[in-house]
Amino acid sequence: MRKILVYAACLVLSGVLPAQAVTVNWIDWETSSVSPDGTFTATGTITSGSETIGVTYTNTQGVGFFQNGESGNTIDYFSAQGSNSPYESGGPDGVDNRPPGAEMIALDTAGLQTLEFSQTVENLYYSFVSMNGNGYSFSQEFEILSYTRADVDGNGTDSDGYWGGGLVEKVDNLDGTFSLNAIAGNGTEPHGTILFTDTFDTLTWVSLTSEFWNGFTIGVEGTDAQVPDDPTNAVPLPAAAWLLLGALGGLGLVRRRA
């Protein structure tokens, strides 16, 4: 009991509680179109509290197919073959909720892609499906949170995804870009989630290989204004916590008198 009280006192004095995994606000893909020159454009919205963030995705090469949760292709490619989802993870930057099913863009051609946001966002989550031998070169640095057949967060090996499993690695290209590459061996179908912690309103990347197909979706923790500046995402204690501090002091006084 005394150890528990001491631990609680330390939390009070530090003014924070241990940060938990993030409940990600995933995108709701809505519409798509193809221009006469073959450019594919998709739009969607992300609801983050009272804010609605508009998202526009552009790919001049076109895509394999598009899912917006409506009739047609409603397969949940973000399902897993076990209980330890390769899209969820622990820790202060981890993902508490996997992407919704049938909300995905499937890629099939190498080339440049762009995401544009109507508001500046912070902590962008990018989940990928069936990466196969492909790779993505991003304009911003990222952190790998989870992927099939690996234990990035220490919570156990992540299960295979819809199409199986495989490993990935992050590569600094030494030119301001960073690549997510599939690693040969131990499976050829990586599925997982990466995190961009910077604030931005545009993200670009290059799909490095033409392959039918590999898919993705995105989500955010919130807008720049909504996400605390503290990179640890520590949660301040409520005022009632000071009552605990007083109670602990009172307990120490009683023990001395005893």
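This text follows the structure it describes.
Residues numbered from 1 in each chain as written. Predicted model: local features only at pLDDT ≥ 70, side-chain atom pairs only at ≥ 80, totals over all residues. Heavy atoms only, no water.

1. A word on the environment of V152
In step 1: Within the fold, V152 resides in the loop between β10 (143-147) and β11 (167-172).
In step 2: Judged by relative accessible area, which is 40%, V152 ranks as partly exposed.
In step 3: Separated by 63 residues in the primary sequence, V152 and S89 place their C-alpha atoms 8.2 Å from one another.
In step 4: If we ignore the near neighbours within four places in the chain, the residues touching V152 are I144, L145, S146 and Y147. (Helix = DSSP H or I, 4+ residues; strand = E, 2+ residues; numbered from the N terminus. Buried < 20%, exposed > 50% of the residue type's maximum accessible area, 1.4 Å probe, protein only. Contact = heavy atoms within 4.5 Å.)

2. Notes on the packing of aromatic side chains
In step 1: On inspection of all chains with the given rule, the structure shows 27 aromatic pairs.
In step 2: Centroid distance Y57 to F216: 5.4 Å. Interplanar angle 55°. Geometry classified as tilted. In this pair, Y57 is assigned in strand β5 (residues 51-59) and F216 in strand β14 (residues 214-223), connecting sequence segments 159 residues apart. For the pair Y57 and F216, a shared accessibility class is recorded, and that class is buried.
In step 3: With a centroid separation of 6.2 Å and 45° between ring planes, the pair formed by F65 and Y77 is classed as tilted. Taken together, the residues span a long stretch of sequence, with F65 in strand β6 (residues 65-68) and Y77 in the loop between β6 and β7 (103-107) at a distance of 12 residues. You'll find F65 and Y77 in the same group, each marked buried.
In step 4: The ring of F142 carries the charged tip of K170 above its face, separated from the ring centre by 5.5 Å. (Phe/Tyr/Trp six-rings, centres within 6.5 Å; stacked < 30°, edge-to-face > 60°. Lys NZ or Arg CZ within 6 Å of the ring centre and 35° of its normal.)

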